[in-house]
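# Overview (structure and organization)
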Amino acid sequence: MYVLPKIFAADMLRPIVRKENADYSVILQEKYPELMEIAKEYEGIYSDLENGEAHLFTYKQASFIEKMLLSFRPKGVIILCSFPTSHRILAVLCKKQGIPVIYTHKGALPKTWALEIGGEMGESLPAVYSDVFKMLPVNADEMEEAKDVWKYLNESRINRKIQPQNNWKSRVCYRIKKNRPIIFYAGLNDTQSGLAYYGENARIYHSPMFSSSMEAVPFLADLAKKNDWNLLYKPHPMYRPTEEQKNSFPDNVIYVDAADINDVIDFSDVTITILSSTAYVALIRKKPVVMLGYNQLRRKDCTYEAFTKDNIDFAISSAINEGFSQKQQDAFTKHIAQLLKYYLYADLEVGAVTFGKPLPKNINDVYELSELVCGKSCLLTEREAD
């Protein structure tokens, strides 16, 4: 076990950075120019940082990580969750030193894990190489298994997080216009979804038009008002709006704070999100989904996609009118089968139902998908793998 210094604890950030007077924006540019964009992410997370402080924090972390890598000389690094800024610094420095990186994170389906070389959500291999992944072969037995897994997830209502039980419907029903569609917008945790800093990486891999999850709320409210739709908005439980932000929402936004996500989806006609895994929950519950950004569902023919603002109205209207079509359901069955065969690893909880690939016995097993979808050779030598 290695104890990290205080610079890796968020609550220790300000006391440390404010003891230094040097211009670390210049120092960081000279020593680690590839980390300048990551420093901007810190500025996005900690809005009260003064000029140069984010660069100092980035430099301090990078210096320690670089020394650690040079000292231990790992043959590979496994990173749990790719979005924390210090993890992104680690990934950049590993690449600089030619050290293979594997990302691990909770799988797109509940009760699974992913291990891969790409990253999470829109940076994952199924998203970046979506067209190739969509064509990976599955047989009839694997399709039947996918149907069984879908049925289990639907009936068990299992979720990656424990869902609250309360009377949220009684707090919103009086605002619902009867006989009008109910559209539900699911927010996300921006700092854990690639949107902490809305730069080129976020636009390309995560959200092509909205710089934050809350930025989409007034836009969707305008569409709902024009089309006489009911609009529910439930934020991510770890990224709730402030009272000031809530008070700024248009009057037709029906705010849902804590609620069982399964019930909210069942209550609604259409689920909309930028990239939240709630999209998978909605499909599991056989409800149509409109994607405004990218995750592993990108271009899998399971959802309605709107990646420009001009297309959002049409996509939502199509989802309302056509629902979760049979063609989309067939595509989702195939997508589940492909996830289980090529991408997701089983969560080996004792005594629980399991599905997905068995955990790899050799590190090279994790590289199989990258070989299939992008032809990239990432294999370690036999000696290194041992």
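Residues numbered from 1 in each chain as written. Predicted model: local features only at pLDDT ≥ 70, side-chain atom pairs only at ≥ 80, totals over all residues. Heavy atoms only, no water.

Counting buried positions along strand β5 (residues 230–234) yields five of five residues, so the element is predominantly enclosed. With five bridges joining them, strand β4 (residues 182–186) and β5 adopt parallel strand pairing. Bridge assignment links Ile182 to a residue of β5, and that residue is Asn230. Bridging between β5 and strand β6 (residues 253–255) involves three bridges; their strand directions are parallel. Counted as the bridge partner of Tyr233 is Tyr255 from β6. Once you follow β5 into helix α12 (residues 243–248) and on to β6, the crossover reads as right-handed. (Buried < 20%, exposed > 50% of the residue type's maximum accessible area, 1.4 Å probe, protein only. Helix = DSSP H or I, 4+ residues; strand = E, 2+ residues; numbered from the N terminus. Pairing = 2+ DSSP bridges. Right-handed = clockwise from strand over helix to strand, strands pointing away.)

Bringing the pattern of salt bridges into the picture now. As enumerated under the stated definition, the model contains 17 salt bridges in all. Across the pair Glu37 and Lys40 runs a salt bridge whose closest N-O atoms are separated by 3.3 Å. Highlighted residues: Glu37 and Lys40, both in helix α3 (residues 36–45), separated by three residues, approximately one helical turn. Residues Glu243 and Lys246 are paired through a salt bridge, measuring 3.0 Å at the closest nitrogen-oxygen approach. Of this pair, Glu243 and Lys246 both sit in helix α12, three residues apart, roughly one helical turn. On the basis of relative accessibility, which here comes to 52%, the residue Glu243 falls in the exposed class. (Salt bridge = Lys/Arg side-chain N within 4 Å of Asp/Glu carboxyl O.)

Ranked by size, the top nonpolar core spans 52 residues in total, and within it Leu109, Phe133, Leu232, Phe332 and Leu369 carry the most contacts. When residues in this core are grouped by element, the largest group, eight residues, is from helix α16 (residues 326–343). Residues within four places of Leu232 in sequence aside, it is in contact with Ile176, Ile182, Ile183, Phe184, Tyr185, Ile254, Val256, Val264, Phe267 and Ser268. Membership of the second largest hydrophobic core comes to 34 residues, among which are Leu220, Ile272, Val290 and Tyr304. (Core = buried A, V, L, I, M, F, W, Y, C linked by side-chain atoms within 4.5 Å. Contact = heavy atoms within 4.5 Å.)

Here we take up the pairing of strand β7 (residues 270–273). On β7, burial covers both faces: Val270 and Ile272 on one face and Thr271 and Thr273 on the other are all buried. Pairing between β4 and β7: four bridges, direction parallel. From the neighbouring strand, Ala186 faces β7, where its bridge partner is Thr273. Pairing of β7 with strand β8 (residues 289–291), which is carried by three bridges, proceeds in the parallel orientation.

What follows covers the packing of α3 against helix α4 (residues 53–72). It is the contact of α3 with α4, at a shortest axis distance of 8 Å, that shows an interaxial angle of 120°. By the angle class used here, α3 and α4 are oblique. Of the two possible hands of crossing, α3 and α4 adopt the one that is right-handed. Of α4, the residues touching α3 (which contributes Met36, Ile38, Ala39, Tyr42 and Glu43) are Ala54, His55, Phe57, Thr58 and Gln61. Among the residues forming the contact of α3 with α4, the class breakdown is six nonpolar, three polar and one charged. (Axes fitted to C-alpha atoms, helices over the stretch in contact; angles between N-to-C directions. Parallel < 35°, antiparallel > 145°, perpendicular 65-115°, else oblique. Left-handed = near helix turned anticlockwise from the far one by under 90°. Nonpolar A, V, L, I, M, F, W, Y, C, P; charged D, E, K, R; others polar.)

Here the focus is the sheet that holds β7. Pairing between the strands of a sheet comes from backbone hydrogen bonds, and it takes one of two forms, parallel or antiparallel. On the basis of which strands lie adjacent, the open sheet formed by six strands has the order β6-β5-β4-β7-β8-β9 and parallel pairing. The strands lining the two open edges of the sheet, one partner per strand, are β6 and β9 (304–305). Each of β4, β5, β6 and β7 touches helix α11 (residues 216–227); the most contacted strand, β5, lies at about 165° to it.

All right, on to the packing of helix α2 (residues 24–31) against α4 then. The N-to-C vectors of α2 and α4 enclose an angle of 35°; their axes lie 8 Å apart at closest approach. Classified by chirality, the crossing of α4 by α2 is left-handed. Of the residues in α4, those touching α2 at Tyr24, Ser25, Ile27, Leu28 and Lys31 are His55, Leu56, Thr58, Tyr59, Lys60 and Glu66. Taken together, the residues of the contact of α2 with α4 sort by class into five nonpolar, three polar and three charged.

What follows deals with the side chain of Glu66. Turning to its location among the elements, Glu66 is positioned in helix α4. Under the relative-accessibility criterion, Glu66 is labelled buried at 17%. Polar side-chain contacts of Glu66 include one of 2.7 Å to the side chain of Tyr32. The residues contacting Glu66, other than those within four sequence positions of it, are Lys31, Tyr32, Leu93, Lys96 and Gln97. (Polar contact = N/O pair within 3.5 Å; in protein donor to acceptor, adjacent residues only side chain to side chain.)

Bringing α3 into the picture now. Side chains of residues three or four places apart in an α-helix project in the same direction, reflecting 3.6 residues per turn. Within α3, the full set of buried residues consists of Met36, Ile38, Ala39, Glu41 and Tyr42. Turning to α3, the residues buried within the fold contact α2, α4 and α5 (85–96).

What follows concerns the sheet that holds strand β10 (residues 344–346). Read from one edge of the open sheet, four strands run β1-β2-β3-β10, paired in mixed fashion. Because the sheet does not close on itself, it has two edges, and the strands there are β1 (77–80) and β10. Pairs of neighbouring strands in the sheet enclose a mean axial angle of 30°, with direction left out of account. In terms of strand pairing, strand β3 (residues 112–116) meets β10 through three bridges, oriented antiparallel. Bridging from a neighbouring strand, Thr112 pairs with Ala346 of β10. Contacts from α5 reach β1 and β2 (101–106) within the one sheet, and its direction differs from that of β1 by about 160°.

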